[in-house]
Amino acid sequence: MPLQQLLSQIIIDDTSHARFLNTLSFMENSGARKISASEHPETVSLMILKHAAEEHRHAYYLKKQLDKITPGQCTTYARESLIAPIESCSYLNRLDVLTSRYLKKEMGLAGPELRFAAYLFVTYAIELRADELYPLYQQELSKIQHKVTVKSIILEEAGHLEEMILQLEDFSADWQSHAAVIIDIEHRLFTKWIAAMQKAITE
Ligand SMILES: [Fe+2]
Ligand SMILES: [Fe+2]
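Keep in mind that what you see is a predicted model, and the values were worked out from it rather than measured.

Asks: Which residues make up the side chain of Gln65, and what are the values?
Replies: Positionally, Gln65 belongs in helix 3 (residues 46-65). Owing to a relative accessible area of 5%, Gln65 belongs among the buried residues under this scheme. Excluding residues that lie within four positions of it along the chain, Gln65 makes contacts with Leu21, Lys147, Val148 and Thr149.

Below is the structure:
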């Protein structure tokens, strides 16, 4: 099922939609926590602080949007309040593990350098995906004039992608060849996530 069709089916059912929205909030929060965890205690830049703050805001904002569906629903990130919980959790975790493994082997990095490089490549791949997913989601929401909106997130994600490219260019002249490998890994994990969501809404 194409992503757009899946999204259109999710949003017409309030229970699925609430779980999806809560899952996006959960993933934004996991992403924000990963950024914070990868920060160097002394040399962390203004750009990274801004990025972490905005991802935390996305988690909060999406959670608040739940009030527009059914107030009091999906108040926690417990499994039953998420859509495709196993694949949703493993999307970020596997991407992180596989990226770190690749960078360690191919670039010989370790410790804080490896954590920073993993932050750059993982986030780059996620921002590419966010730039596809949120506009499609908004398009489907707008079609049925749904009260939920993610317009403010779309703007910030586009900024993040530009910032990640700037940081990657600074990090390595050869960043694009490594990024291609990471994008490939992300694509596989995203496909699994989509398939699991599709299964969840048809069960
Ligand atoms: Fe975000
Ligand atoms: Fe972002």
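Asks: An account of the packing of aromatic side chains is requested, with residue identities and associated values reported.
Replies: As enumerated under the stated definition, the model contains nine aromatic pairs in all. Considering the side-chain rings of Phe20 and Tyr137, the 5.1 Å spacing of their centres and the 90° angle between planes classify their relative orientation as edge-to-face. Of this pair, Phe20 sits in helix 2 (residues 14-38) while Tyr137 sits in helix 5 (residues 111-143); the two residues are 117 residues apart in sequence, bridging distant segments of the chain. We note that Phe20, like Tyr137, is buried. Through pairs of rings, three or more aromatic residues link up here, namely Phe116, Tyr119, Phe121 and Phe171.

Asks: Can you break down the coordination of the iron ion (ligand 2) residue by residue, with the values?
Replies: For the iron ion (ligand 2), every protein donor is listed as Glu55 (OE), Glu127 (OE), Glu127 (OE), Glu157 (OE) and His160 (ND1), and the spread of their distances is 1.9 to 2.7 Å. Expressed as a motif, the donor residue spacing for the iron ion (ligand 2) is E-x71-E-x29-E-x2-H.

Asks: Give a description of the coordination of the iron ion (ligand 1) that names residues and reports values.
Replies: Bound to the iron ion (ligand 1) on the protein side are Glu28 (OE), Glu28 (OE), Glu55 (OE), His58 (ND1) and Glu157 (OE), at distances that span 2.0 to 2.5 Å. Donor residues for the iron ion (ligand 1), ordered by position in the chain, follow E-x26-E-x2-H-x98-E. Between the iron ion (ligand 1) and the iron ion (ligand 2) the interatomic distance amounts to 3.6 Å, and Glu55 serves as a bridging ligand to the pair. In this pair, Glu28 sits in helix 2 while Glu55 sits in helix 3, placing the two residues 27 residues apart along the sequence.

Asks: Which residues make up the nonpolar core, and what values go with them?
Replies: One finds Phe20, Leu24, Tyr134, Tyr137, Trp193 and Met197 to be the most contacted residues of the largest nonpolar core, which totals 60 residues. Mapped onto this core, the elements with two or more residues apiece are helix 1 (3-11), helix 2, helix 3, helix 4 (85-107), helix 5, helix 6 (151-171) and helix 7 (175-202). Sequence-distant contacts of Tyr134, defined by excluding residues within four places in its chain, comprise Leu24, Glu28, Leu62, Val150, Ile153, Ile154 and Glu157.

Quick notes on the rules
- Residues numbered from 1 in each chain as written.
- Chains lettered and ligands numbered in written order.
- Predicted model: local features only at pLDDT ≥ 70, side-chain atom pairs only at ≥ 80, totals over all residues.
- Heavy atoms only, no water.
- Helix = DSSP H or I, 4+ residues; strand = E, 2+ residues; numbered from the N terminus.
- Buried < 20%, exposed > 50% of the residue type's maximum accessible area, 1.4 Å probe, protein only.
- Contact = heavy atoms within 4.5 Å.
- Phe/Tyr/Trp six-rings, centres within 6.5 Å; stacked < 30°, edge-to-face > 60°.
- Donors = N, O, S within 2.8 Å, 3.2 Å for Na, K, Ca; no water.
- Core = buried A, V, L, I, M, F, W, Y, C linked by side-chain atoms within 4.5 Å.

Worth remembering: the numbers are spatial, not functional.
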